[in-house]
Amino acid sequence: MITRRATTGLAAVLALLLMGACREEGETAHRSETGLVPEATQRPGNPDAGYDALVNAPYVSCGIPYDAFRRLSPETDEGDLIAGRDGLNADLPYAFTAHENDDGVTIVSSNCLTCHAAKIGDDLIIGLGNEFADFTQDPRRLALQAGTYVRGAAETAAWEHWADRIDGIAPYIRTATVGVNPATNLTWALMAHRDPVTLEWSDTPLIDPPSTEPLPISVPPWWNMRHKTAMFYTTVGRGDHATFMLLASMLCVENVEEFREVDAYAADIRAYLASLEAPEYPFEIDAELAQAGAPIYEGECAACHGGGKGGSYTNRVYPLEDIGTDPAYALAATDGSRDRFYDWIASSPYGDSDSAAPAAGYIAPPLDGIWATAPYLHNGSVPNLATLLRPDQRPAFWHHLAPREYDEATVGWRHERLDEAQAEVENSANRRQLYDTTLTGYGKGGHRFGEDLSPAEVKQLLEYLKML
Amino acid sequence: MMAARGPVLAIMILAIAALGTATFFMRSTGDATTDNSPGPAQASSTAVATFLAGAATTEFEPLRGEWTLSLPRDHGAHLEARAETWSVTAHLVAATGETFDLSLSFARYGIIPPNEAAEMSPWTVSEIYAGQFLVFEGSEGTGHTEHRFSRGAGTAGHDPETKEIWLDEWNIVYGEGAGDEGIRLRASGVNVLIDLLLEPRKPALTASDEATATTRGFSMPRLAVSGAIRTPSDEFDVSGTAWLDRLWGDVPVPGGPIAYDRLTLQLSDGTDMSVIQTRRIGRAGAATLDGVLVDEAGRAAYLDNDALQIEVLEERRAIGGGSYPVSWQVRGEGFDLTATASTENARQEFIAPMWLGPVAVEGEMDGAAVRGSGMLLLTGYEDRP
């Protein structure tokens, strides 16, 4: 009942953010040109130490007192345990990390894996974006639920620390559809509540907060970090990726000293992420078909996305008029409406004046493991690769089918085409599951590359993409 | 817009659980007809608090596995659960016109898990029973309050053979009435005695549907009530309606940073409604609303903040301290209801103080005028040090 649903939701709320920033040679402050994204030097790090920190360290330092967490979620599924975890963490679900705070209260916090790990079948794939997390609910509801079992002054203080933060960000992180992620908006909301110099929290916003209708994003896979010279779809995250990622710890960080403690191992975590490789396709691949698909890939995909597995990858941002996908996200990043947040980063320990510098377009990502990352486009608006390659057949309204099953033929999760927009669906549970591509930022248009391929060629290309 | 059944019920069950336990830590104050004598009551409450503090740390295994509601069995005790509650509110009218609102609640707290208790002396305190009985009489809501505690050992207990849960001379007998899904209630205070048969008129609402639920239960949103109420001056044949909540599992003990308010309404058009407001005590923060609206045919619609608006119509400074929002306006699609406190002071106090008192309801439901009765329970409004 309450247990798994609540804690899953809480995890989603807690662990969201991961952003990067820096800027580049754009003529305007906090802007980059479309086109080539130049390389940025990254701090060296130890991948093994990075994994250890990723799954054990308290970089999100507030959360639910352990006793209350266990009352709500007394058991951990075997399939949610992962290797390399210490102490209490060894028995916690992978998306949660425990640590003892200064008052001696053991806290359970969500970690990065809430959004950056997902299962295909029974296999947990670290680095795969979670495309089924539910950010449609008011997180304050979940925070209140978690408070039910909190007892005693120390536990109450710990819970209130976290609940205050949740109250602060709650208005800005509710998405319209289950599965899409509001991480960017969450990051802006946290900045609005923190002094950039001292990082001190303010219950009331210190600068104008972001929109209360976050633009949706699909969580990009970590294994592409090894190729990319800037982070995120608009390449807003430039410069030192490791420090920029630490915006993930900003939900709870209280001061610069605490930031420094986490920053000390951030480069290790980045090194671990950069060591990840795409998972192997777990089902059978028709080698003959795939071979026939290779030249199609070269002709249709390689120019923007790079030369396939093992091939070269060029970091290039393509302008909106070329790519044609939903422009809302890139426009919001570059129309000036977020400059106060880029200024915040420039004033903070998280970056400098070059850190946040988006381009007015979208990067063409490497296609390593593309078969695993459905749904597609930056907003997750297209349910599978087969429909991505048939732009006029993409569903306007759709939802994933339960139970969750991978569809080898279409390369994506099973889904169902629907006839109604969200506004026409009375039942809120059904409404929230419905992906409505007519909503702002949720559009399915653009990226029409490959639309002229014959059905046979599409089949061949899909088979080849499973090999990446 | 309606909300999903699962999340709303999930919240409701926790809230009811917390409210349920809080209910057992109180006694009435500022009430001329209170039956309690402060000395022994305070002593017993302290002892009970001590025991319950122990119960809170007892290692009961969490409930596991799927369950489906089974009646009348689930009216009975669930020994594997750390705690459980039986809660009834009823609104009655006598053939001669007198009105009564009542609340009767039982709770059972496990101190020692049953498998361990079986190997101990029968005199070992392995569970505690608590009961609380409120009757508000007439339009002024004159109150009668009684509470009981027991360590079991014969003075309180449960018997699946006779389908009875008892606490001193109070009891709930289940498997009664048509369909065997009803219950019979008997309880008494110094100035009031009830003997009532409650028979469900709508399907039970189950509150948990996930295998990992650690708290389980169900509500019966409308039961038809018939029976008798005796006061020092008279005996009344009464009839009316009732709402029943049953919970068992990991029911939280009183305390903590969260407060709950609960309004339960029974309307003249056959509609029943329950609204729970969940808040942080003493903090601004958001409050959440979770409700269920059950139409005459028993169809339930689950409502959350998007579908419910509450406006406080009256805040009242209670004798004994605390300022309570005692009258509410509740609005949503198709309904606009005013619930006005119908008793002067319903502040109750034992360990956790609260307001628990009847409301009179007027308003509109689907465009038609309705009236009704209800009970409002408010927690966490006390003066903070």
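### Digging into the overall build of chain B
Within chain B, the regular secondary structure consists of three helices and 23 strands. When the accessible surface of chain B is summed, it comes to about 14,200 Å², and 51% of that surface belongs to carbon and sulfur atoms.

### Thoughts on helix α9 (residues 256-275) of chain A
Residue and element names in this part refer to chain A. Here α9 spans 29 Å end to end across 20 residues, near enough to the 28 Å set by a 1.5 Å rise per residue. Of all the bends in α9, the greatest measures close to 40° and is centred on Y265. When you tally the buried positions in α9, you get 14 out of 20 residues, the bulk of the element. Its side-chain oxygen 3.2 Å from the backbone nitrogen of E257, N255 forms the N-cap of α9.

### A short note on the domain arrangement of chain A
All names here are of chain A. Split by domain assignment, chain A resolves into domain 1 (33-275) and domain 2 (287-330 + 362-465). In this assembly, 33 residues from domain 1 lie in contact with 39 residues from domain 2. For the pair domain 1 and domain 2, the two sides together bury roughly 3,200 Å², of which 64% comes from carbon and sulfur. It is F132, L215 and Y233 that lose the most area in domain 1 upon contact with domain 2, and together they represent 20% of the buried surface on that side.

### So, the sheet that holds strand β13 (residues 435-436) of chain A
Residues and elements named next belong to chain A. Taken in spatial order, the three strands make up an open sheet running β12-β9-β13, and their pairing is antiparallel. Because the sheet does not close on itself, it has two edges, and the strands there are β12 (415-417) and β13. The pairing of strand β9 (residues 397-400) with β13 spans two bridges and is antiparallel. Of the residues in β13, the one forming a bridge with F397 is D436.

### Regarding a negative patch on the surface
A surface patch of like charges, here negative, comprises A:E284, A:D286, A:E288 and A:E408. For A:E284, the position within the fold is in the loop between α9 and α10 (287-300).

### So, the packing of helix α2 (residues 47-56) of chain A against α9(A)
All names here are of chain A. Two elements in contact, α2 and α9, have axes whose closest approach is 7 Å; the angle formed by their N-to-C orientations is 105°. As judged from the angle between their axes, α2 and α9 are roughly perpendicular. On the side of α2, the interface is formed by P47, A49, G50, Y51, A53 and L54, while α9 contributes Y265, D268, I269, A271, Y272 and S275. A breakdown of the residues in the contact of α2 with α9 according to their chemical character gives nine nonpolar, two polar and one charged.

### Regarding the environment of B:T231
Residue and element names in this part refer to chain B. Tracing the backbone shows T231 in strand β12 (residues 215-231). Its relative accessible area of 9% is what places T231 among the buried residues. Sequence separation between T231 and R316 is 85 residues; the distance between their C-alpha atoms is 29 Å.

### Describing the environment of B:A107
Residues and elements named next belong to chain B. On the secondary structure map, A107 appears in strand β3 (residues 99-110). For A107, a relative accessible area of 1% gives the class buried. Here the alpha-carbon distance between A107 and I229, two residues 122 residues apart in the chain, equals 23 Å.

### Digging into the nonpolar core
Grouped together as the largest cluster of nonpolar side chains are 110 residues, with contacts concentrated most on A:L54, A:Y59, A:L113, A:W162, A:Y297 and A:Y350. By residue number, the principal contributor to this core is α9(A), which donates eight residues. Per-domain counts for this core show at least three residues from each of domain 1 (33-275) and domain 2 (287-330 + 362-465) of chain A. Residues within four places of A:L54 in sequence aside, it is in contact with A:Y59, A:N111, A:C112, A:L113, A:W222, A:I269 and A:Y272. Counting 38 residues, the second-largest nonpolar core is a separate cluster that includes B:L92, B:F106, B:L185 and B:V192.

### Thoughts on the sheet that holds strand β8 (residues 361-363) of chain A
Residue and element names in this part refer to chain A. Here we have three strands laid out as an open sheet, ordered β1-β7-β8, and antiparallel in their pairing. Sheet topology places β1 (35-36) and β8 at the edges, where each strand pairs with a single neighbour. Of the pairings in the sheet, the one linking β1 to strand β7 (residues 316-319) comprises two bridges and is antiparallel in character. Following the sheet pairing, L36 is matched in β7 by R316.

### Notes on the confidence of the model for chain A
Taken as a whole, chain A shows an average pLDDT of 91; of its residues, 94% reach a score of 70 or greater. Here residues 1-27 of chain A is a poorly scored stretch, pLDDT under 50, and it has 137 contacts once near neighbours within four places are set aside; other chains count.

### So, the packing of helix α7 (residues 183-192) of chain A against helix α14 (residues 339-347) of chain A
All names here are of chain A. Interaxial distance between α7 and α14 falls to 10 Å at its minimum, and their mutual angle equals 65°. Considering how the two elements wind past one another, α7 and α14 form a crossing that is left-handed. The segment α7 lies against α14, with W188, M191 and A192 engaging F341, Y342, W344 and I345. The residue makeup of the contact of α7 with α14, split by class, is seven nonpolar, no polar and no charged.

### Some details on the environment of A:N56
Residues and elements named next belong to chain A. Among the structural elements, N56 can be located in helix α2. N56 sits 30 residues away from D86 along the chain, and the two C-alpha atoms are 6.6 Å apart. What N56 contacts, discounting residues up to four positions off in sequence, is G84, R85, D86, N89 and T97. One polar contact links N56 to D52, side chain to side chain, over a distance of 2.9 Å.

Each value, and the rule that gives it
Residues numbered from 1 in each chain as written. Chains lettered and ligands numbered in written order. Predicted model: local features only at pLDDT ≥ 70, side-chain atom pairs only at ≥ 80, totals over all residues. Heavy atoms only, no water. Helix = DSSP H or I, 4+ residues; strand = E, 2+ residues; numbered from the N terminus. Areas by Shrake-Rupley, 256 points an atom, 1.4 Å probe, with all protein chains shown as cover. Expected span 1.5 Å × (residues − 1). Bend = angle between axes of the 7 residues up to and from the residue. Buried < 20%, exposed > 50% of the residue type's maximum accessible area, 1.4 Å probe, protein only. Polar contact = N/O pair within 3.5 Å; in protein donor to acceptor, adjacent residues only side chain to side chain. Domains from an automatic or database assignment. Contact = heavy atoms within 4.5 Å. Buried area = accessible area lost by both parts, 1.4 Å probe. Pairing = 2+ DSSP bridges. Patch = residues over 30% accessible without salt bridge, like charges linked within 9 Å, V, L, I, M, F, W, Y side chains within 5 Å. Salt bridge = Lys/Arg side-chain N within 4 Å of Asp/Glu carboxyl O. Lys, Arg positive; Asp, Glu negative; His and termini not counted. Charge placed at Lys NZ, Arg CZ, Asp CG, Glu CD. Axes fitted to C-alpha atoms, helices over the stretch in contact; angles between N-to-C directions. Parallel < 35°, antiparallel > 145°, perpendicular 65-115°, else oblique. Nonpolar A, V, L, I, M, F, W, Y, C, P; charged D, E, K, R; others polar. Core = buried A, V, L, I, M, F, W, Y, C linked by side-chain atoms within 4.5 Å. pLDDT = per-residue confidence, 0-100. Left-handed = near helix turned anticlockwise from the far one by under 90°.

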